[in-house]
Amino acid sequence: MFAGALGGPAQFAGAGGTARINDATVNQAQGVLTGPQLDALRQLQQEQEAQAQLAKAMRNQFAPPPNSGSTATPAPKITPKPPAAPGGG
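The rules we used
Residues numbered from 1 in each chain as written. Predicted model: local features only at pLDDT ≥ 70, side-chain atom pairs only at ≥ 80, totals over all residues. Heavy atoms only, no water. Core = buried A, V, L, I, M, F, W, Y, C linked by side-chain atoms within 4.5 Å. Buried < 20%, exposed > 50% of the residue type's maximum accessible area, 1.4 Å probe, protein only. Helix = DSSP H or I, 4+ residues; strand = E, 2+ residues; numbered from the N terminus. Contact = heavy atoms within 4.5 Å. Polar contact = N/O pair within 3.5 Å; in protein donor to acceptor, adjacent residues only side chain to side chain.

Caption draft 1: Layout of the nonpolar core. In this structure, Ile21, Val26, Ala29, Leu38 and Leu41 together form the largest nonpolar core, which totals five residues. Contributions of two or more residues to this core are made by α1 (23-29) and α2 (35-62). Beyond its immediate sequence surroundings of up to four residues, leucine 38 is in contact with Val26, Ala29, Gln30 and Leu33.

Caption draft 2: Representation of the side chain of glutamine 48. With respect to the helices and strands, glutamine 48 occurs in helix α2. Owing to a relative accessible area of 13%, glutamine 48 belongs among the buried residues under this scheme. Separated by 2.7 Å, the side chain of glutamine 48 and the backbone nitrogen of isoleucine 21 make a polar contact. In this structure, glutamine 48 is in contact with Ala19, Arg20 and Ile21, ignoring residues within four places of it in sequence.

Geometric values such as these leave the question of function open.
Printed below as a string of structure tokens:
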């Protein structure tokens, strides 16, 4: 119903494949939704923005500093043993 307001049916973002609620969505919905429904839509829009800000803060908090290089220990190189010679060995 609001595919155009959401930027088309393929515009999905965020966890769980939820569509972003933007100002264009709310503006277009004004002609269809009741007052309480619009209020709920705006509340969802605010919650999405808060979730996006929290996700960004979490990424910034746990991301390694830029140009720091990797702090992880590289995995040891394992060379497989050659097969045993026929006749025992």
